[in-house]
Protein chains: 2
Amino acid sequence: MEKEDEPKPESAQDKERPSRRAEILEQARTLFLDKGYAGTSMSALAKACGIQKASLYHHFPSKEALFIACVTEGYDVAILALQEIQDDRALTHEERVRRALAEIYRITIDSPVGRMSPLIAEVSRQIPEVARAFHDGFIIQQHEIVNAIIDAGIEDGAFARQDRLGMEHLIFGPIVTLSISRQMFTGLETIETLFPVAQVRDSHCDLILQLLRKQPESDSAA
Amino acid sequence: MEKEDEPKPESAQDKERPSRRAEILEQARTLFLDKGYAGTSMSALAKACGIQKASLYHHFPSKEALFIACVTEGYDVAILALQEIQDDRALTHEERVRRALAEIYRITIDSPVGRMSPLIAEVSRQIPEVARAFHDGFIIQQHEIVNAIIDAGIEDGAFARQDRLGMEHLIFGPIVTLSISRQMFTGLETIETLFPVAQVRDSHCDLILQLLRKQPESDSAA
DNA sequence: ATCAACCAACCGTCCGTTCGGTAGGTTACT
DNA sequence: AGTAACCTACCGAACGGACGGTTGGTTGAT
């Protein structure tokens, strides 16, 4: 069903080969996200790739190594769009916050990388390095960009200063939870009314901006 | 279907017993939360209980049934304390919100029930009924109580009206995400500085109350 | 005598992994 | 040009062990 848009596989065969290893990683990501680590067998992965199980061990020394490759690659591409929003000088501070939030919603809910939290939680005790890689390569990258965006607004006098830790959790918490909820309740037919992405995102954004906007000299002075 | 297949109303002696069945459920909850569903074997569970594997099948017909019992029991006790806070007429609206938030933090982070989200996400495709039970018995129970507490404040003129969907996610999102993050990053030695419960909780509470408080006639006049 | 509770042993299946081998292309030395 | 060696990519078959689940039998309190 997944068809590479390459009509001729032998065009410059040694330069651009998307084949096998990348294909294995892609299929593995799908399966791991769907069934979990222990629930995904090498046999099922081999079948999904259309090759023999033993062939997997030509590309990866073990199931654990394959999994680590799965969850430690691809973070940077998810971060790039966020950085572009951060660096876009044409935006107002409020608009930059809105764009950044929308991008984080997109990353967390639509991309495999964002949906990995339950998976990493599952294996974090067995393979602690994946938690470290996920945290350093993905979590703090996002947090730093959001903090920088807010700090720039504060320095320009557009935003009020709020507690940083609380704001981080107020921004990322609802997004992560919405993503996980949508995975938990995929079976429920009412999922789109219970957990509608666009509606939650817009409302979330409005409330965050309420907190960031400077209140018109109400009680800030003692 | 399994139900009361006990023709004798003899319920006098099974009131207070250490009850293997309860012990099995407790051990199973610990193992499932730690290793996931597929990662927990009936052998390992039997060993944790100090009994033979076959004995498990005396109490539960299958691994799946045992798991369902694990994740569909015990919600009500977690809800009770919340209801008491809701019904406590001696509290101010703000204080009631603070108490309720603190209780949700406690439930979600300290009790097994609250930490089940990744586990249920793992099996939601295989066993959809656990997702339904978790949602109906736990999620919406909490949401309804919180909404009722806020609505009471609005009716009394103590709180401003905010978008309900957004406020729900703003309240529960950070708590669920904090709980999952603390599970993901248990291995990291910096977890208490990265994800400190009390500090996040207090800051979260302050920000929520900022949104709920009526602003002093700034632009609320419609 | 009954019967819930428990146990030892086992079943067939699937697990992750390994081994030996095949096909085809590239290189290296005559 | 011939050919032997080597390399990557893959496959068929099998390994030992662990899996979920079953059986038949043994307790021990009632």
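Residues numbered from 1 in each chain as written. Chains lettered and ligands numbered in written order. Predicted model: local features only at pLDDT ≥ 70, side-chain atom pairs only at ≥ 80, totals over all residues. Heavy atoms only, no water.

Residues and elements named next belong to chain A. If you check the domain split of chain A, you get domain 1 (12-71) and domain 2 (74-215). A straight line from the C-alpha centre of domain 1 to that of domain 2 covers 29 Å. With 11 residues of domain 1 at the contact, the number on the domain 2 side is 11 residues. A combined buried area of about 1000 Å² lies between domain 1 and domain 2, and 75% of that area is made up of carbon and sulfur atoms. Our enumeration of links across domain 1 and domain 2 arrives at 0 salt bridges. The tally of links from domain 1 across to domain 2 stands at 3 residue pairs in polar contact (both at pLDDT 80 or more). Those elements giving two or more residues to the side of domain 1 that touches domain 2 turn out to be α1 (21-35) and α4 (63-72). In terms of residue class, the side of domain 1 that touches domain 2 is made up of 8 nonpolar, 1 polar and 2 charged. (Domains from an automatic or database assignment. Contact = heavy atoms within 4.5 Å. Buried area = accessible area lost by both parts, 1.4 Å probe. Salt bridge = Lys/Arg side-chain N within 4 Å of Asp/Glu carboxyl O. Polar contact = N/O pair within 3.5 Å; in protein donor to acceptor, adjacent residues only side chain to side chain. Helix = DSSP H or I, 4+ residues; strand = E, 2+ residues; numbered from the N terminus. Nonpolar A, V, L, I, M, F, W, Y, C, P; charged D, E, K, R; others polar.)

Our focus in this paragraph is the confidence of the model for chain A. Residue and element names in this part refer to chain A. Looking at chain A, pLDDT values average 87 and 88% of them are 70 or higher. Between residues 1-17, whose pLDDT stays under 50, and residues either more than four places distant or in other chains, the model counts 4 contacts. Across residues 217-222 the pLDDT falls below 50, and counting only partners more than four positions away or on other chains, this stretch makes 1 contact in the model. (pLDDT = per-residue confidence, 0-100.)

Moving on, we come to the packing of aromatic side chains. For the structure shown, the criterion picks out 14 aromatic pairs over all chains. Here the aromatic rings of Y37(B) and F67(B) are separated by 4.9 Å at their centres, their planes lie at 70°, and the arrangement is edge-to-face. Highlighted residues: Y37(B) in the loop between α1 (20-35) and α2 (42-49) and F67(B) in helix α4 (residues 63-72), separated in sequence by 30 residues. You'll find Y37(B) and F67(B) in the same group, each marked buried. Taken together, F32(A), Y37(A) and F67(A) form an aromatic cluster joined through their ring pairs. Taking the ring centre of Y37(A) as reference, the NZ or CZ of K63(A) above it sits at 4.5 Å. (Phe/Tyr/Trp six-rings, centres within 6.5 Å; stacked < 30°, edge-to-face > 60°. Buried < 20%, exposed > 50% of the residue type's maximum accessible area, 1.4 Å probe, protein only. Lys NZ or Arg CZ within 6 Å of the ring centre and 35° of its normal.)

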